[in-house]
Every structure is written in C-alpha cells, then in structure tokens.
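One letter stands for each residue in the lines below.
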Amino acid sequence: MLGLVLFWGFFAGACSRAPEETGQIPTLAVAPAAKAGEMIFQTRCFVCHGRGGKGDGPSSSGLGATVRDLTNSTWQDSTSDETIRNVIRNGATAIGGTAAMAPNPDLSNAQIQSLMLYIRSLRKE
Ligand code: HEC
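We now turn to the structure provided with this report. (Residues numbered from 1 in each chain as written. Predicted model: local features only at pLDDT ≥ 70, side-chain atom pairs only at ≥ 80, totals over all residues.)

Right, let's talk about the overall build of the protein chain for a bit. Within the protein chain, the secondary structure is distributed over five helices and zero strands. Element order for the protein chain, N to C, with α for helix and β for strand: α-α-α-α-α. Partitioning the contacts of the protein chain with sequence separation of at least 6, the portion at a separation of at least 24 is 44%. (Helix = DSSP H or I, 4+ residues; strand = E, 2+ residues; numbered from the N terminus. Contact = placed C-beta atoms within 7 Å.)

Here it is, written out as structure tokens:
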C-alpha cells in the first residue's frame, strides 16, 4: 500500500513537472507563406509543371504548348513578381501566352502570393 502511494506520488510529480521539461505548450505551427504555396502547387499545378517545377508533369505533353521550366534562372531573372501573380490569376493569355495555362480565379491574393514565393524558391543556378 505504501508502495502504491509512493508510486502515485511520483507519477503525479512527474506529470506536474512535464510542462517545464518540454519548455512550452505546443502551439499550431504557422507555416511560412511559401510552404502554403507549395501545398497548392503540389495539388493543382504539378500536373503540368511537375513536382519540381521543371515542366515535366504527367499532363505536360499534348497541351500544344511547352510548359515553362520554373526553375530556369534566365526566366526567373526575366520576369517580375507581379507578372507571376498575373499569370497565376489570369492564365498565360494575360501575358501573351497559351490558353493551355488556365486562369485560377478562385485563389485568394494570399494564396497567389504564396504560390509566387514558392515559384521563386524553385530557382536553380
Ligand atoms: C494545364 C497545364 C497547366 C497547369 C495546371 C498549370 N500551368 Fe502554369 N503553365 C502552363 C503552360 C503550358 C505554361 C507556358 C505558357 C506559355 O509560355 O505560353 C505555363 C506557364 C506558367 C508560368 C510562367 C509564365 C511565364 O512567364 O512564361 C507560371 C508562373 C505558371 N505557369 C504557374 C502556374 C501555377 C502556379 C499553376 C497552379 C496554380 C499552374 N501554372 C498550373 C501549363 C499549366
């Protein structure tokens, strides 16, 4: 019986110490904006643009247009953040390109901004 009391005492003590030991109460991690963009990209853009953004997604052939390699540094340098947001919202026809890249009118400004940041992060040397 004494053993049981001691056991519970130890157990309760361990529990009451736990918050200090773990440092802080866990909070929901706030994903960086580009991370949110990555999730959208890997849901609705990768089919054409490919998982890595190189333009080699499963639906990239037969579009009648070449899917832009988003990792290409020459293209990255030649375009602006505003142009990237414009293409995502209004489709490639908005910048004189092909209708194969459709508009995404349902995306919020924040979602489009996060996609733009993600696309910027795909740049290769
Ligand atoms: C149906 C296939 C398809 C899907 C889905 C698609 N794209 Fe594209 N995308 C293209 C093609 C094709 C081009 C090349 C357009 C051109 O050069 O005329 C392109 C071009 C682009 C460009 C470069 C525009 C430029 O400056 O030349 C960006 C940025 C882009 N897409 C972002 C996205 C994002 C973000 C998504 C998802 C929300 C997406 N695309 C979904 C086919 C697609």
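Still more ground to cover, so stick around.
Once that is clear, we can look at the site of the ligand. Surveying the vicinity of the ligand reveals 26 residues, the closest of which are Cys-45, Cys-48, Ala-92, Gly-97 and Met-101. Those elements that provide at least two residues to the shell around the ligand are helix H2 (33–49), helix H4 (81–90) and helix H5 (109–121). Take the shell around the ligand: its biggest share by element is six residues, from H2. Tallied by class, residues from the shell around the ligand come to 17 nonpolar, seven polar and two charged. (Near = placed C-beta within 6 Å. Nonpolar A, V, L, I, M, F, W, Y, C, P; charged D, E, K, R; others polar.)

Glancing now at H4. Among the residues making up H4, those that are buried are Ile-84, Val-87 and Ile-88. All buried residues of H4 project into a common sector of 95° when viewed along the axis, lining one side. The inward-facing, buried residues of H4 abut H5. The first or second residue beyond H4 is Gly-91, which carries a positive phi of 85°. (Buried ≥ 20, exposed ≤ 12 C-beta atoms within 10 Å, placed from the backbone. Arc of directions from axis to C-beta.)

Moving on to the environment of Asp-77. Within the element layout of this structure, Asp-77 appears in helix H3 (residues 73–78). Looking at Asp-77, the number of C-beta atoms within 10 Å reads 8, which means it is exposed. Counting along the chain gives 43 residues from Asp-77 to Arg-120, while the straight-line C-alpha distance between them is 10.0 Å.

Right, let's talk about the packing of H2 against H5 for a bit. The N-to-C vectors of H2 and H5 enclose an angle of 90°; their axes lie 7 Å apart at closest approach. Here H5 runs roughly perpendicular to H2, going by the angle between their axes. Contacts from Ala-33, Ala-34, Ala-36, Gly-37, Glu-38, Ile-40 and Phe-41 of H2 reach H5 at Gln-111, Gln-113, Ser-114, Leu-115, Leu-117, Tyr-118 and Ser-121. Classifying every residue of the contact of H2 with H5 by side-chain character gives eight nonpolar, five polar and one charged. (Axes fitted to C-alpha atoms, helices over the stretch in contact; angles between N-to-C directions. Parallel < 35°, antiparallel > 145°, perpendicular 65-115°, else oblique.)

Here Ala-100 shows up in the loop between H4 and H5. As for Ala-100 and Cys-48, which are separated by 52 residues in sequence, their C-alpha atoms are 9.7 Å apart. Setting aside residues up to four positions removed in sequence, Ala-100 forms contacts with Leu-63, Gly-64 and Ala-65.

At their nearest, the axes of H4 and H5 sit 9 Å apart, and the two run at 120° to each other. Taken together, the axes of H4 and H5 are oblique relative to one another. Both H4 and H5 take part in a crossing whose hand is right-handed. Across the interface between the two elements, Asp-81, Ile-84, Arg-85, Ile-88 and Arg-89 of H4 pack against Ile-112, Gln-113, Leu-115, Met-116 and Ile-119 of H5. Residues of the contact of H4 with H5, tallied by class, amount to six nonpolar, one polar and three charged. (Left-handed = near helix turned anticlockwise from the far one by under 90°.)

Any functional reading would require information beyond the geometric quantities listed.
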